[in-house]
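Each chain is listed here by its residues.
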Amino acid sequence: FVTAAIFMGGLVMLPKRPFAAGILLGCLVVKPQLALMLPIALLAAREWRAIAGAALSSAGVLLSGALVFGLPASLAWLDQLPLYVEIGRDGLSGWHKMSSVYVAMRQAGMAMEWAFAIHFAVAAGAALITWRGWRSDADFLCKAAVLAAATLLASPYVYSYDALLLVVAF
C-alpha cells in the first residue's frame, strides 16, 4: 500500500507540482523494481523538474538510511544483494508469490536464460510503449495507466501484492 500510494501520489501531483511529484516518486528507491519505467516516462515527457526532485529525494532517502542506521548497515545491505538476486532468480520465496513474465516462463519449465530473454523482450516492449505514450498528447490518465501496467511488466521480481499499482490502470 505504501509503494502504491507513493506511485499514485507522485502521478497525481505531476501535472501541477512536478518537483514535489519527483520528491515523492524518488522515495520509490526503497523498492526500485517498481520505478523501472519512471525514468523512461519522465524523460519522454521532458519532466526535468520531476527528475530533479526524484534524484534529490532518492539520494536523500539513501543518505538518511546511512545516517540513521550507520554506514555499516547500508554496506551490509549492499553485501546482501546477491542473496536477494538469488532468491528472486531461483524462486526461493516461492514462484506462486510472484507474478511476472520471467516467473511464468520458469514455472512453465523454461531455463533461466530463456526466461530472462523473453522477459527482457516484453520489458523492452513495455519501455517502448511507455516512451511513445508519454511523448504523445494522450490524456494524462491514459499515460499513467500505461506507466503502471508497463512497470509491472518490466520487473522480473514482482510479487502479487505489487499488483496494487494496477489500480491506476483500472
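Residues numbered from 1 in each chain as written. Predicted model: local features only at pLDDT ≥ 70, side-chain atom pairs only at ≥ 80, totals over all residues. Heavy atoms only, no water.

Engineer: Sorry if this is basic, but what is going on with the pattern of salt bridges here?
Structural biologist: Side chains bearing opposite charge may pair, as long as their charged atoms lie close to each other. In this structure the tally under the stated criterion is two salt bridges. With a shortest N-O distance of 2.8 Å, K31 and D162 are connected by a salt bridge. Separated by 131 residues along the polypeptide, K31 in the loop between α2 (18-26) and α3 (38-44) and D162 in the segment after α9 (140-154) bring together distant segments of the chain. This pair shows no difference in class: K31 is buried, exactly as D162 is. With a shortest N-O distance of 3.0 Å, D90 and R89 are connected by a salt bridge. By relative accessible area, which is 28% here, D90 ends up partly exposed. (Salt bridge = Lys/Arg side-chain N within 4 Å of Asp/Glu carboxyl O. Helix = DSSP H or I, 4+ residues; strand = E, 2+ residues; numbered from the N terminus. Buried < 20%, exposed > 50% of the residue type's maximum accessible area, 1.4 Å probe, protein only.)

Engineer: Help me understand the packing of helix α5 (residues 71-79) against helix α6 (residues 81-90), please; the structure alone is not making it clear to me.
Structural biologist: Any two packed helices are characterised by the angle at which their axes cross and by the distance between the axes. Two numbers describe how α5 lies on α6: the axes approach to 4 Å, and their chain directions differ by 35 degrees. From α5, W77, L78 and D79 reach across to α6, where they touch L81, P82 and Y84. (Axes fitted to C-alpha atoms, helices over the stretch in contact; angles between N-to-C directions. Contact = heavy atoms within 4.5 Å.)

Engineer: I would appreciate a short explanation of the nonpolar core in the present structure.
Structural biologist: Nonpolar side chains tend to gather and get buried jointly when the protein is soluble and globular. F7, L28, L38, W134 and L147 are the most contacted members of the largest nonpolar core, which totals 28 residues. Of all the secondary structure elements, the ones that give two or more residues to this core are α1 (2-13), α2, α3, α8 (112-135) and α9. Tallying contributions element by element places α9 first for this core, with six residues. What W134 contacts, discounting residues up to four positions off in sequence, is L11, L14, A41, A44, A45, F140, K143, A144 and L147. The next biggest cluster of nonpolar side chains, apart from the first, holds six residues, and it includes M98, Y102, V103 and A115. (Core = buried A, V, L, I, M, F, W, Y, C linked by side-chain atoms within 4.5 Å.)

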